Amino acid sequence: MAPLPRITAITVLAAAVLYVFTLDPSNMASLSRIAAIVVLAAAVLYVPVRRWAAGGVCESQARMDGKTVIITGANTGIGKVTARDMAERGARVILACRSLEKAEEAAKEIRNQTGNKNVVVHKLDLASLASVRQFAKVINDAEASLDVLINNAGVMGCPRWETEDGFEMQFGVNHLGHFLLTNLLLDLLKKSAPSRVVTVSSLGHAFTSGIDFDDINYEKDYDKGESYRRSKLANVLFSRELARRLEGTGVTSNSLHPGVIYTELHRYQEKLIHGAVGARFSKVANKIIEGFVGTFGKTMEEGAQTTICCAVAEEWQNTTGLYFSDCVPKEPSAAGKDDEAAARLWDVSERMVGLKS
Ligand SMILES: NC(=O)c1ccc[n+]([C@@H]2O[C@H](COP(=O)([O-])OP(=O)(O)OC[C@H]3O[C@@H](n4cnc5c(N)ncnc54)[C@H](OP(=O)(O)O)[C@@H]3O)[C@@H](O)[C@H]2O)c1
């Protein structure tokens, strides 16, 4: 947030708080004045808070004509906005989605909005290693190049479901599915260098102390929130280790936090809150969070900016191994910089997805 709106907002709020303390709450006139001040403070704060929440904007005008971009989970949310942006820049855009029906609908909308007919759909269910392998085969057989792979799809806060291969769902989809997918597309990415791998993580990665290698599949103890945070930490560690392994190939790898955006990602949120506040309050608490994120969080367009920046901006063409937020590199958590854990996670993941026995 720029200093001037911040100072204005804080001054107005402080003045309002001081004024409220001088009022007599038993008096109706005072109560209505309190209400008026609260509304005024909210109105004054809205613009600076929204401006701060909107974050950075991708200023790059880079065209993507002749380039091919794959985006996982591109039928909705920030993935769809990213796909539209890539199409506007002239790229061949491949929407990699588990529901062909939803993906076709999104592709049609993007083609109509951008006039780019080169927007196609392929089935990819990250909760199935067979589907990941099938998708990679289709791409490797048919595509001459792959310039940007955007690992965007994600699931948050679901019950302890398992993928087709018996992995806990959040770790399986958010990390393992993307891990296998990226590895299977690496030769094509190398052949197409300079090329980029962009992995959408979350600030949530910073709220866990690390990967529990003794219970990586959550067989002993499952916590929906912790599983999501660890899967997002796995995204950061994977991206970092990938960058190390790709040094000198011309393929970069960066991860990012998109911001807080009200999308379908929050579909299991009420159940998540249920655990914390109980059944009676979970509906109300969920509505409050929905209202708060909807009002003060990023729009989907704002939420897609950091992904777009990492995918196209000329200034980041040779940048690799970093974690971005609001379109600039930021420090990940200490656990997100643990290179030993990153190497161990790579090794364990290779075994889990069958790349190594
Ligand atoms: N929204 C936020 O506040 C926020 C904050 C930090 C990080 N992120 C990250 O941003 C990314 C995009 O999230 P979003 O907010 O745009 O969520 P979203 O609207 O729920 O989109 C998620 C996408 O992932 C897809 N997906 C889920 N499971 C899949 C599977 N098994 N195989 C293939 N695709 C699958 C969904 O497909 P269906 O439509 O078929 O379910 C959907 O297309 C995620 O990685 C998320 O962790 C979001």
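What this report covers is the structure whose coordinates are included nearby. This structure is a prediction, so every number in the text was calculated from the model and none was measured.

Regarding the pairing of strand 2 (residues 92–97)
- Among the six residues of strand 2, six are classified as buried, and the element is accordingly described as predominantly covered.
- Residues of strand 2 alternate between two faces, with Arg92, Ile94 and Ala96 on one and Val93, Leu95 and Cys97 on the opposite face, all of them buried.
- Of the strand pairs in this sheet, strand 1 (residues 68–72) and strand 2 are connected by five bridges, and their pairing is parallel. Along strand 2, the bridge assignment pairs Thr68 with Arg92.
- Since strand 1 and strand 2 lie parallel, the crossover through helix 3 (residues 77–88) that links them has a hand, and here it is right-handed.

A word on the pairing of strand 5 (residues 195–200)
- Among the six residues in strand 5, six count as buried, and that is most of the element.
- Alternating residues of strand 5 divide into Ser195, Val197 and Thr199 and Arg196, Val198 and Val200, and every residue in both groups is buried.
- The pairing of strand 4 (residues 148–151) with strand 5 spans four bridges and is classified as parallel. From the neighbouring strand, Leu149 faces strand 5, where its bridge partner is Val197.
- In terms of handedness, the path from strand 4 via helix 6 (residues 169–191) over to strand 5 forms a crossover that is right-handed.
- Strand direction decides the pairing type here: strand 5 and strand 6 (residues 251–257), joined by six bridges, are parallel. By the bridge assignment, Val197 is partnered in strand 6 with Ser253.
- You can see the chain leave strand 5, run along helix 7 (residues 224–245) and come back into strand 6, and the turn it takes is right-handed.

Section: the environment of Ala206
- Secondary-structure assignment places Ala206 in the loop between strand 5 and helix 7.
- Classification of Ala206 by C-beta neighbours within 10 Å gives partly exposed; the count is 19.
- In this structure the C-alpha to C-alpha distance between Ala206 and Lys232, which are 26 residues apart in sequence, comes to 8.8 Å.

Some details on the nonpolar core
- Judged by nonpolar contacts, the single largest core of 83 residues is most densely connected at Val69, Ile70, Ile71, Val93, Leu95, Ala96 and Leu185.
- Broken down by element, the residue count for this core peaks at eleven residues, all from helix 6.
- Setting aside chain neighbours within four positions, we find Ile70 in contact with Ile94, Ala96, Ile139, Leu146, Leu149 and Ile150.

Considering helix 6
- Its 23 residues place the ends of helix 6 32 Å apart at the C-alpha level, agreeing with the 33 Å of an ideal helix rising 1.5 Å per residue.
- For helix 6, the principal kink sits at Leu185 and spans about 50°.
- The element helix 6 is largely enclosed, with a buried count of 18 among its 23 residues.

Points about the site of the ligand
- Taken together, 30 residues lie near the ligand, and Gly73, Gly77, Gly154, Thr263 and Leu265 sit nearest.
- Its residues placed into classes, the shell around the ligand shows 14 nonpolar, twelve polar and four charged.

Quick notes on the sheet that holds strand 8 (residues 328–330)
- Here eight strands make up an open sheet; going across it, the order is 3-2-1-4-5-6-7-8 and the pairing mixed. Because the sheet does not close on itself, it has two edges, and the strands there are strand 3 (119–123) and strand 8. Sheet twist, expressed as the mean angle between neighbouring strand axes with direction ignored, is 25°.
- The sheet strands contacting helix 3 are strand 1, strand 2, strand 3 and strand 4, and the helix crosses strand 1 at an angle near 170°.
- Sheet contacts for helix 4 (residues 100–114): strand 2 and strand 3; angle to strand 3, the most-contacted strand, approximately 170°.

Examining the packing of helix 5 (residues 129–142) against helix 6
- The interhelical angle for the contact between helix 5 and helix 6, taken along N-to-C directions, is 20°, at an axis separation of 10 Å. When the axes of helix 5 and helix 6 are compared, the pair comes out roughly parallel. Note that helix 5 runs across helix 6; the crossing there is right-handed. In this structure, helix 5 uses Leu129, Val132, Arg133, Ala136, Ile139 and Asn140 to contact helix 6, whose residues at the interface are Gly177, Leu180, Leu181, Leu184, Leu185 and Leu188.

What counts and what doesn't
- Residues numbered from 1 in each chain as written.
- Predicted model: local features only at pLDDT ≥ 70, side-chain atom pairs only at ≥ 80, totals over all residues.
- Buried ≥ 20, exposed ≤ 12 C-beta atoms within 10 Å, placed from the backbone.
- Helix = DSSP H or I, 4+ residues; strand = E, 2+ residues; numbered from the N terminus.
- Pairing = 2+ DSSP bridges.
- Right-handed = clockwise from strand over helix to strand, strands pointing away.
- Core = buried A, V, L, I, M, F, W, Y, C linked by C-beta atoms within 7 Å.
- Contact = placed C-beta atoms within 7 Å.
- Expected span 1.5 Å × (residues − 1).
- Bend = angle between axes of the 7 residues up to and from the residue.
- Near = placed C-beta within 6 Å.
- Nonpolar A, V, L, I, M, F, W, Y, C, P; charged D, E, K, R; others polar.
- Axes fitted to C-alpha atoms, helices over the stretch in contact; angles between N-to-C directions.
- Parallel < 35°, antiparallel > 145°, perpendicular 65-115°, else oblique.
- Left-handed = near helix turned anticlockwise from the far one by under 90°.

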